[in-house]
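What the coordinates show
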Amino acid sequence: MITMLAMALIACAMTISPALAQMQVPGVSSMLPDKTMLLEQGKKLVADLTSMKSSGKLDAADTQTVDSMLPKANALNTELAKPQVEPSKLTKLAGQLGDLQKQAGALQGKMK
């Protein structure tokens, strides 16, 4: 009886193992932000900020805010354009880009 149970367990394990081997578990690299995508978003952010600044639809305080955001966005793009960016730095840059995008979105909502 015990040998039959052991054989059944072994047979089960043998049929499950190939299925588990074929499953792909996401690696660390798939969880990191994509540098090319971030750079494209950064370029779009600079274009949007430049457009907002020249539109004349922002009040003086918001125009100053855009003026302070542009150098940050340009610096971010400079870092993202480098051939090699460390994973930890890439994550930090993604966070900074997200913050700037939120601020830009709020400013777009305030445009006259």
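A tally of regular secondary structure across the chain gives 5 helices and 0 strands. Taken over 112 residues, the chain has a buried fraction of 22%. Carbon and sulfur atoms provide 64% of the accessible area of the chain, an area that totals close to 8,000 Å².

Before going further, it helps to spend a moment on the confidence of the model for the chain. Residues of the chain with pLDDT of at least 70 account for 71%, and the chain-wide mean is 83. Here residues 17-25 is a poorly scored stretch, pLDDT under 50, and it has 0 contacts once near neighbours within four places are set aside; other chains count.

Between the first and last C-alpha of helix α4 (residues 60-81) there are 32 Å, a value that for 22 residues agrees with the 32 Å anticipated at 1.5 Å per step. Buried residues of α4: Asp-62, Val-66, Met-69, Leu-70, Ala-73, Leu-76, Asn-77 and Leu-80, and no others. With a side-chain oxygen lying 3.3 Å from the backbone nitrogen of Ala-61, the N-terminal cap of α4 falls on Asp-59.

In this section: helix α3 (residues 35-55). For α3, with 21 residues, the first-to-last C-alpha span of 30 Å sits near the 30 Å given by 1.5 Å per residue. Listed in full, the buried residues belonging to α3 are Leu-38, Leu-39, Gly-42, Leu-45, Val-46, Leu-49 and Met-52. End-on view of α3: buried residues confined to an arc of 145°, all on one side of the axis. Among the exposed residues of α3, those oriented more than 90 degrees off its buried face are Thr-36, Lys-44 and Ser-54. Each element contacted by the buried residues of α3 is listed here: α4 and α5 (87-110). Phi for Gly-56, located one or two positions after α3, is positive at around 75°.

Taken N-terminus to C-terminus, the directions of α3 and α5 make an angle of 30°; their axes are 10 Å apart at the nearest point. As summarised for this structure, α3 and α5 are arranged roughly parallel, according to the angle between their axes. The crossing of α3 and α5 is left-handed. Residue-level contacts link Lys-35, Leu-38, Gln-41, Gly-42, Leu-45, Asp-48, Leu-49 and Met-52 of α3 to Leu-90, Ala-94, Leu-97, Leu-100, Gln-101, Ala-104, Leu-107 and Gln-108 of α5.

To characterise two packed helices, one gives the angle between the axes of the helices and the distance between these axes. Where α3 meets α4, the closest approach of the two axes is 9 Å, and the angle between their N-to-C directions is 155°. If you check the angle between α3 and α4, you find them roughly antiparallel. As for the relative orientation of α3 and α4, their crossing is left-handed in sense. Here α3 contributes Lys-35, Leu-38, Leu-39, Gly-42, Lys-43, Leu-45, Val-46, Leu-49, Thr-50 and Lys-53 to the contact with α4, which in turn contributes Val-66, Asp-67, Met-69, Leu-70, Ala-73, Asn-74, Asn-77, Leu-80 and Ala-81. Taken together, the residues that form the contact of α3 with α4 break down as 11 nonpolar, 4 polar and 4 charged.

On to the nonpolar core. One recurring pattern in soluble globular proteins: nonpolar side chains tend to sit buried together. Judged by nonpolar contacts, the single largest core of 21 residues is most densely connected at Leu-45, Leu-49 and Leu-80. Among the secondary structure elements, those contributing two or more residues to this core are α3, α4 and α5. Those residues in contact with Leu-49, other than ones at most four positions away along the chain, are Val-66, Met-69, Leu-70, Ala-73 and Ala-104.

About the cut-offs
Residues numbered from 1 in each chain as written. Predicted model: local features only at pLDDT ≥ 70, side-chain atom pairs only at ≥ 80, totals over all residues. Heavy atoms only, no water. Helix = DSSP H or I, 4+ residues; strand = E, 2+ residues; numbered from the N terminus. Buried < 20%, exposed > 50% of the residue type's maximum accessible area, 1.4 Å probe, protein only. Areas by Shrake-Rupley, 256 points an atom, 1.4 Å probe, with all protein chains shown as cover. pLDDT = per-residue confidence, 0-100. Contact = heavy atoms within 4.5 Å. Expected span 1.5 Å × (residues − 1). Polar contact = N/O pair within 3.5 Å; in protein donor to acceptor, adjacent residues only side chain to side chain. Arc of directions from axis to C-beta. Axes fitted to C-alpha atoms, helices over the stretch in contact; angles between N-to-C directions. Parallel < 35°, antiparallel > 145°, perpendicular 65-115°, else oblique. Left-handed = near helix turned anticlockwise from the far one by under 90°. Nonpolar A, V, L, I, M, F, W, Y, C, P; charged D, E, K, R; others polar. Core = buried A, V, L, I, M, F, W, Y, C linked by side-chain atoms within 4.5 Å.

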